[in-house]
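The chain contents come next:
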Amino acid sequence: MASSVDLLNSTNEAARKQVREDNRCTGESETAKRNLYEVEQKVIAGKSKASLIRKSTGGWKFASLLLVNQGLATLAFFGVGVNLVLFLTRVLDQENAVAANSVSKWTGTVYLCSLVGAFLSDSYWGRYLTCAIFQLIFVVGLVLLSLSSWLFLFNPSGCGDGEIVCMPASPVGVAIFYLSIYLVAFGYGGYQPTIATFGADQFDEANPKERASKAVFFSYFYFALNVGSLFSNTILVYYEDTGKWTLGFVVSLGSAIIALLSFLLGTPGYRYLKPCGNPLPRVAQVFVAAARKWDIVPVNSDDLYEVEGPDSAIKGSRKIYHSNEIEFLDKAATITEDDLCGPKNPWRLCTVTQVEEAKCVLKMLPIWLCTIIYSVVFTQMASLFVEQGDVMKSNLGKFHLPAASMSAFDICSVLICTGIYRQVLVPLAGKLSGNTKGISELKRMGIGLVIGMLAMVAAGATEIARLKHVLPGEKISSLSIFWQIPQYVLVGASEVFMYVGQLEFFNGQAPDGIKSFGSSLCMASMSLGNYASSFLVNMVMGITARGKNPGWIPDNLNTGHLDRFYFLIAALTAFDFVIYVFCAKWYKSINLEGSEKEIQIIEIQKDVVLRRV
């Protein structure tokens, strides 16, 4: 990939050459003035188009409300999710492997629902309405969960603490429980990617200061997410672990209600972008039009079809400049004699912007697919890490440390590493590379993969040590649960690079018409990662649990080999990293009209012309 400096230099030289050629043809002064006028118009059009909503609203004042909303909603969500695997084993009497799979499927559903929210946000409802509706569904799910756990699931009272065994729950109670947690999954999943994009909307890309704030916002967004989950992973987990599950669910409900109210509080001051319409027909039109012109050779990029003027054919979206990748789709924008004869049919002739929107989706897919294995690493914290910690020594005197509370070390690692990254690494890398972002999003995601692999190696090493300290006939190993700290800390460090990088990358590289879809890709990778983890557990148990062999992840972990499962994930992550490197080198960034790069190029062209005048 050519560096920004090379791009600007080549554009500068092209502008100089064009001015010299025009001077020879029509006279130096007149042509230079005309070129200056055209360049100035491009600067004005680009900046005004990039600033889709330049109002006195938005900015950090209202983005901060969204950060508070994110922290409270996350507290509510993790109040349910972080200890769910133990709820299933203690209250609903599921085996370890079954419970781990149930949590993976549920978490996968959470993040898969992000695609639904993103689609409705980009196409019809807009970001604000989508956030409000899905948060309301989230609250309804928590109301049902609190009621079902209080009325149906705990018999005798106080069971589910690891000592008192719960009686089998009634079918009605179980049905309401599953309905409630999947409403929670649908509500939180649909809201999550949209709130991230809505927060980014509060900053204007055409304003250099706000553009820098927008980049920082995603770090603070993930920071707020982890601050919210810190309470769930410490205080709430403790009460739930002692059998006070209903209390934990009620606290989550209260937090979700306050989150919704804080969101509605900022209604008069938010910046709003109108939805750009359903992107599915637009993308389908490109492929159909290209297929119809399969035998046609695409023309030069300057001769491809695009609407006149500053406005794009996609309402509310900036134009996208032509790129040289996936050139067969350019056939959709190639004008033929049939296109000239009758009215323009979008299923036969598409604009360059429409073609580039489809290209952007295709170009992002390989990067996105490479992040799924990392999500397999991440999902182990909510399932197998907790089950592993539950059979380790966790008493500090008379105080019992809940296994799920160890994820607090992951959260602290995220908070510390976020501060180190923003305050130390970004300035240092910026000075060394000349890139104001410090380390590019693609490089950060690659670093996250490597650290995630190391986390799995650390988890495997901890399991080997745990098995060595198991006494015959005992369920709990004498190895301290604090041996899990390295694996949690490494996962936390990897999140800062991977998930913050993902948020910035997919939001920044997605065209205006599918911004929420870009943010939802980050969560969709978590979804498929959870489903992949569930599939991997089933496959491993199907292969290893044969005859009298209990398999790698049996109900009694002391008779299994959880360490081998962790090392398997580490090996898959290493293989995935190799593929990711090739995909990242192939990827070329989107070039939007009015983007920072495009405005820089136009300003250089203007400077060249001014010198000629």
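Residues numbered from 1 in each chain as written. Predicted model: local features only at pLDDT ≥ 70, side-chain atom pairs only at ≥ 80, totals over all residues. Heavy atoms only, no water.

## Looking at the overall build of the protein
The number of helices and strands found in the protein is 20 helices and two strands. The buried share of the protein, reckoned over its 613 residues, is 55%. Summarising the internal contacts of the protein: among those between residues at least 6 apart in sequence, 83% fall at separations of at least 24. Of the roughly 26,000 Å² of accessible surface on the protein, a fraction of 65% belongs to carbon and sulfur atoms. (Helix = DSSP H or I, 4+ residues; strand = E, 2+ residues; numbered from the N terminus. Buried < 20%, exposed > 50% of the residue type's maximum accessible area, 1.4 Å probe, protein only. Contact = heavy atoms within 4.5 Å. Areas by Shrake-Rupley, 256 points an atom, 1.4 Å probe, with all protein chains shown as cover.)

## Some points on the pattern of salt bridges
If you walk through the whole model with that rule in mind, you get twelve salt bridges. With a closest N to O distance of 2.5 Å, D201 and R127 form a salt bridge. In this pair, D201 sits in helix α7 (residues 171-201) while R127 sits in helix α6 (residues 127-153), placing the two residues 74 residues apart along the sequence. In this structure R127 comes out as buried when scored by relative accessible area, which is 7%. For K363, the salt bridge identified is with E325, shortest N-O distance 3.5 Å. Here K363, found in helix α12 (residues 352-370), pairs with E325, found in the loop between α10 (279-292) and α11 (337-341); they are 38 residues apart in sequence, far enough to count as distant. Exposure class is identical for K363 and E325. Each is buried. (Salt bridge = Lys/Arg side-chain N within 4 Å of Asp/Glu carboxyl O.)

## Looking at the side chain of T371
With respect to the helices and strands, the residue T371 is situated in the loop between α12 and α13 (372-379). Ignoring anything within four residues of it in the chain, the contact list for T371 reads M445, M498, Q502 and S525.

## Here's the deal with the side chain of T351
Mapped onto the elements, T351 comes out in the loop between α11 and α12. Classification of T351 as buried rests on a relative accessible area of 4%. A distance of 3.1 Å separates the side chain of T351 from the backbone nitrogen of Q354, its partner in a polar contact. Leaving out residues up to four positions away in the same chain, T351 has contacts with Y305, E306, V307, A313 and A333. (Polar contact = N/O pair within 3.5 Å; in protein donor to acceptor, adjacent residues only side chain to side chain.)

## Details of empty space enclosed by the protein
Enumeration according to the criterion identifies two cavities of 30 Å³ or more in this entry. Estimates place the volume of the largest cavity at around 490 Å³. Looking at the largest cavity, it is lined by 31 residues, and the ones nearest its centre are F78, Y111, L225, F378 and M526. Elements that contribute at least two residues to the lining of the largest cavity include exactly α3 (60-81), α5 (96-125), α7, α8 (208-241), α13, α15 (407-433), α17 (485-509) and α18 (515-544). Broken down by element, the residue count for the lining of the largest cavity peaks at six residues, all from α8. The residue makeup of the lining of the largest cavity, split by class, is 19 nonpolar, ten polar and two charged. Residues from two domains meet in the lining of the largest cavity; each of domain 2 (63-275) and domain 4 (359-612) gives at least three. Taken as a whole, the second largest cavity spans an internal volume of roughly 40 Å³. Contributing to the lining of the second largest cavity are V80, N83, L84, F87, L145, F177, I181, E240, W245 and F249. (1 Å grid on protein atoms, 1.4 Å probe; cavity = no way out; pocket = protein on both sides within 12 Å on 5 of 7 lines; lining within 4 Å. Points joined across faces, edges and corners; volume = space filled by probe spheres on them. Nonpolar A, V, L, I, M, F, W, Y, C, P; charged D, E, K, R; others polar. Domains from an automatic or database assignment.)

## Structural notes on the packing of aromatic side chains
A full pass over the atoms with the stated rule returns 38 aromatic pairs. The structure contains a cluster of three or more aromatic residues connected by ring pairs, namely W60, F203, F217, F218, Y220 and F221. The ring of W294 has K331 sitting right over it, with the charged end atom 4.7 Å from the ring centre. Here the guanidinium or amino end of K363 rests over the ring plane of Y587, the centre of that ring lying 5.8 Å away. (Phe/Tyr/Trp six-rings, centres within 6.5 Å; stacked < 30°, edge-to-face > 60°. Lys NZ or Arg CZ within 6 Å of the ring centre and 35° of its normal.)

## Section: the packing of α7 against α18
Packed helix pairs are specified by the crossing angle of their axes together with the interaxial distance, meaning the distance between the axes. The contact between α7 and α18 brings their axes to 8 Å, and the two run at 125°. Between α7 and α18, the interaxial angle falls into the category oblique. Crossing angle aside, the handedness with which α7 passes α18 is right-handed. Across the interface between the two elements, G189, Q192, P193, T194 and T197 of α7 pack against K515, S516, S519, S520 and M523 of α18. (Axes fitted to C-alpha atoms, helices over the stretch in contact; angles between N-to-C directions. Parallel < 35°, antiparallel > 145°, perpendicular 65-115°, else oblique. Left-handed = near helix turned anticlockwise from the far one by under 90°.)

## What to know about α10
Helix length check: α10, at 14 residues, gives a terminal C-alpha distance of 20 Å against a target of 20 Å (1.5 Å per residue), a fit within 8%. Taken as a whole, α10 has its buried residues at P279, R282, Q285, V286, A289 and A290. Within α10, the buried residues cover an arc of 120° as seen down the axis, which keeps them to one side. Buried positions along α10 lie against α5 and α12. (Expected span 1.5 Å × (residues − 1). Arc of directions from axis to C-beta.)

## Quick word on helix α9 (residues 245-265)
The end-to-end C-alpha distance of α9, which contains 21 residues, comes to 31 Å, matching closely the 30 Å that a straight helix rising 1.5 Å per residue would cover. The complete set of buried residues in α9 reads W245, G248, F249, S252, L253, S255, A256, A259, L260, S262 and F263. In the core, the buried residues of α9 are packed alongside α3, α4 (84-90), α6, α7 and α8.

## Side note on unusual backbone geometry
In the Ramachandran plot, I326 falls in the positive-phi region, its phi being about 50° despite a non-glycine side chain. Take I326: it is sitting in the loop between α10 and α11.

## Quick look at the environment of A100
Among the secondary structure elements, A100 is positioned in helix α5. Residues A100 and Q380, 280 residues apart in the sequence, show an inter-C-alpha distance of 8.7 Å. Those residues in contact with A100 that sit more than four places away from it in its chain are V85, S383, L384 and E387.

## A look at the confidence of the model for the protein
When the pLDDT values of the protein are averaged, the result is 81; 86% of them are 70 or greater. When the criterion is pLDDT under 50, residues 598-606 qualifies, and its contacts beyond four places in sequence or with other chains add up to 24 contacts. (pLDDT = per-residue confidence, 0-100.)

## Structural notes on a nonpolar patch on the surface
A cluster of nonpolar side chains, namely F231, I235, Y238, Y239, L247, L396, F399 and F482, defines an oily patch on the protein surface of about 660 Å² accessible area. The greatest single-element share of the nonpolar patch, amounting to four residues, is contributed by α8. Note that F399 resides in strand β2 (residues 399-400). (Patch = residues over 30% accessible without salt bridge, like charges linked within 9 Å, V, L, I, M, F, W, Y side chains within 5 Å.)

## Notes on the environment of G254
With respect to the secondary-structure elements, G254 resides in helix α9. A residue is classified by how much of its surface remains accessible, and G254, at 28% relative accessible area, is partly exposed. Along the primary structure G254 and L142 are separated by 112 residues, whereas in three dimensions their C-alpha atoms are 9.2 Å apart.

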